[in-house]
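Fold and geometry: a report
What follows is each chain in one-letter form.
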Amino acid sequence: MTCPARRPGATVHDWPVDHLPALRFDPLLHRLLREEPLARIRMRFGEGHAWLATRYEDVKEVAADPRLSRALTVDRPVTSMTPHVVAPAGGIGRTDPPDHTRLRRLVALTFGRKRVAALRPRAQELADAMASGMTAQGPPADLAECFTGPLPAQLIGELLGVPPDDLPLMQRWRSVILSSNHSQEESDAVKGEIARYFRELARHRAERPADDLYSALVTAHGEGGLSLQELVSLAVMLVLNGMDAVRNQVSNMVYALLTHPGLADRLRAEPGLLPRAVEELLRWIPHRNGVGLPRIATEDLAVGDVVIRAGEAVYVSYLAANRDPGVFTGPDRLDLDRDEAPNLSFGHGPHYCVGALLTRMEAEVMLGTLLGRFPRLRLAVPEAEMRWRRGSINRGPESLPVTW
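Residues numbered from 1 in each chain as written. Predicted model: local features only at pLDDT ≥ 70, side-chain atom pairs only at ≥ 80, totals over all residues. Heavy atoms only, no water.

Confidence along the protein chain averages 90 in pLDDT terms, with 95% of residues attaining 70 or more. For the stretch residues 1-6, pLDDT sits under 50, and the model shows two contacts to residues farther than four places along the chain or on other chains. (pLDDT = per-residue confidence, 0-100. Contact = heavy atoms within 4.5 Å.)

Encoded structure:
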């Protein structure tokens, strides 16, 4: 007797998004990618279940399909890994064209190729100063506190026009907003503080504009180009991602290189390989826990052999797509000679990360400086004693103790 084939998505997988040590890849993502590339999942918070796409081509298709809406997630309790929604309603992450196109256009030039190239000397200046400070202090040092954390924070602060004395305040907000361990009430309280801060900064910049992105956004607000809510949400998105995501991505890259010493030695011998190395590190490192924002289907649509019904929620895993064995040879291997499909670490489609070029540049500057200035750089503690962030959206070390 032949049993009927199981319908795709018939099983709902409970996904607690547990803390994973170091840079271990999530075992559920690894399994679903190979066994059930479009599956139903249920996480700790929210209601019901959602589809999860893990295969490279399916992820690209979902991320680019205009029939899948971010705006429809507002006020909808979709199953989620956090008790609160990080991206604010009306912000660039939860809008669809044409509103999303309008908002993205306001910041696109600031993070374009020419602007990022112009920022590189300043990033190098900061990196050199921080490396000199490490040398003067002597080993050991916590790279997350004295290098990979402060450099992107200072650079995004200068770019956006946040006074240097206010950066510690941003760091405190970051620790709550990007956490899965804080309650909805705690998150709402911090979001209120952030909104008040950037509304006040907007009033100040309207009276005393400066040569920074926030002044330009305030001017656009005054001319009717965006609402006050949109202005605040853009600022929050840029600051939090610029501070937290880059800190953790580059800290993870340093850790990966220090635990694969042959790769670090090769990059010192072949510095021209650094841009390709950054791309491979972006592909290989699982830089976040769980998934990002969902999308809601506005009509029935087929993805692979699955029909997603109108009203159903869909997530994509860029992490899993970056490990797709149908696209990458030996996907679980860190290989600096890899020359295959582009990684999807910054997303795909209309919501592709606006800060991708800036992040790549900062990573190249920081890694190049560390490898050049500290030829004997190594971990100051055994790998087993490293402390990693828990209950956070972005993965990375709490501290990165090194010696040289």
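From this point, the narrative continues.
Let us now look at the nonpolar core. In a soluble, globular protein the nonpolar side chains are often hidden away together inside. In terms of nonpolar packing, the biggest core is built from 87 residues, with Phe 198 and Tyr 214 touching the most fellow members. For this core, the leading source of residues is helix α10 (residues 228-258), giving 17 residues. Not counting chain neighbours up to four residues away, the residues in contact with Phe 198 comprise Leu 160, Val 162, Met 170, Tyr 214, Val 232, Ala 235, Val 236 and Val 239. (Core = buried A, V, L, I, M, F, W, Y, C linked by side-chain atoms within 4.5 Å. Buried < 20%, exposed > 50% of the residue type's maximum accessible area, 1.4 Å probe, protein only. Helix = DSSP H or I, 4+ residues; strand = E, 2+ residues; numbered from the N terminus.)

Here strand β2 (residues 38-42) lies mainly inside the structure; four of its five residues are buried. In the sheet, strand β1 (residues 12-14) pairs with β2 via three bridges, with the strands oriented parallel. Bridged to Val 12 within β2 is Arg 40. For the handedness criterion, the β-α-β arrangement of β1, helix α1 (residues 27-35) and β2 is classed as right-handed. Direction of pairing for β2 relative to strand β3 (residues 50-53): antiparallel, over a ladder of four bridges. When the bridges of β3 are listed, Leu 38 appears paired with Ala 53. (Pairing = 2+ DSSP bridges. Right-handed = clockwise from strand over helix to strand, strands pointing away.)

The next thing to look at is the side chain of Thr 369. When you line up the elements, Thr 369 lands in helix α14 (residues 356-373). Among the polar contacts made by the side chain of Thr 369, one reaches the side chain of Gln 124 at a distance of 3.0 Å. Separated by 2.7 Å, the side chain of Thr 369 and the backbone oxygen of Val 365 make a polar contact. Filtering out sequence-adjacent residues up to four positions away, Thr 369 remains in contact with Gln 124, Ala 127, Asp 128, Ala 131, Phe 147 and Phe 374. (Polar contact = N/O pair within 3.5 Å; in protein donor to acceptor, adjacent residues only side chain to side chain.)

Let us now look at the pattern of salt bridges. Tallied over the entire structure, the rule returns 27 salt bridges. Arg 360 is the salt-bridge partner of Glu 279, the closest N and O atoms lying 2.5 Å from each other. Separated by 81 residues along the polypeptide, Glu 279 in helix α12 (residues 274-284) and Arg 360 in helix α14 bring together distant segments of the chain. Residue Glu 279 is classed as partly exposed on the basis of its relative accessible area, which comes to 26%. Between Arg 387 and Glu 398 there is a salt bridge whose closest N-O contact spans 2.5 Å. (Salt bridge = Lys/Arg side-chain N within 4 Å of Asp/Glu carboxyl O.)

Take empty space enclosed by the protein next. Under the definition given, this model contains four cavities of 30 Å³ or more. By volume, the largest cavity is sized at about 50 Å³. Around the largest cavity, the lining residues are Val 254, Leu 257, Leu 258, Leu 367, Leu 370, Leu 371 and Leu 377. Put simply, the parts of the chain that give the lining of the largest cavity at least two residues each are α10 and α14. Looking at the lining of the largest cavity, its residues break down into seven nonpolar, no polar and no charged. (1 Å grid on protein atoms, 1.4 Å probe; cavity = no way out; pocket = protein on both sides within 12 Å on 5 of 7 lines; lining within 4 Å. Points joined across faces, edges and corners; volume = space filled by probe spheres on them. Nonpolar A, V, L, I, M, F, W, Y, C, P; charged D, E, K, R; others polar.)

What follows is about unusual backbone geometry. Here Pro 97 and Pro 98 are connected by a cis peptide whose omega angle stands at 10 degrees. Omega for the bond connecting Pro 139 with Pro 140 falls within 30 degrees of zero, at 0 degrees, which places this linkage in the cis form. Among the secondary structure elements, Pro 140 is positioned in the loop between α4 (113-137) and β5 (141-142). For Ala 22, which is not glycine, the phi torsion reads 50 degrees and is therefore positive. Checked against the element boundaries, Ala 22 lands in the loop between β1 and α1.

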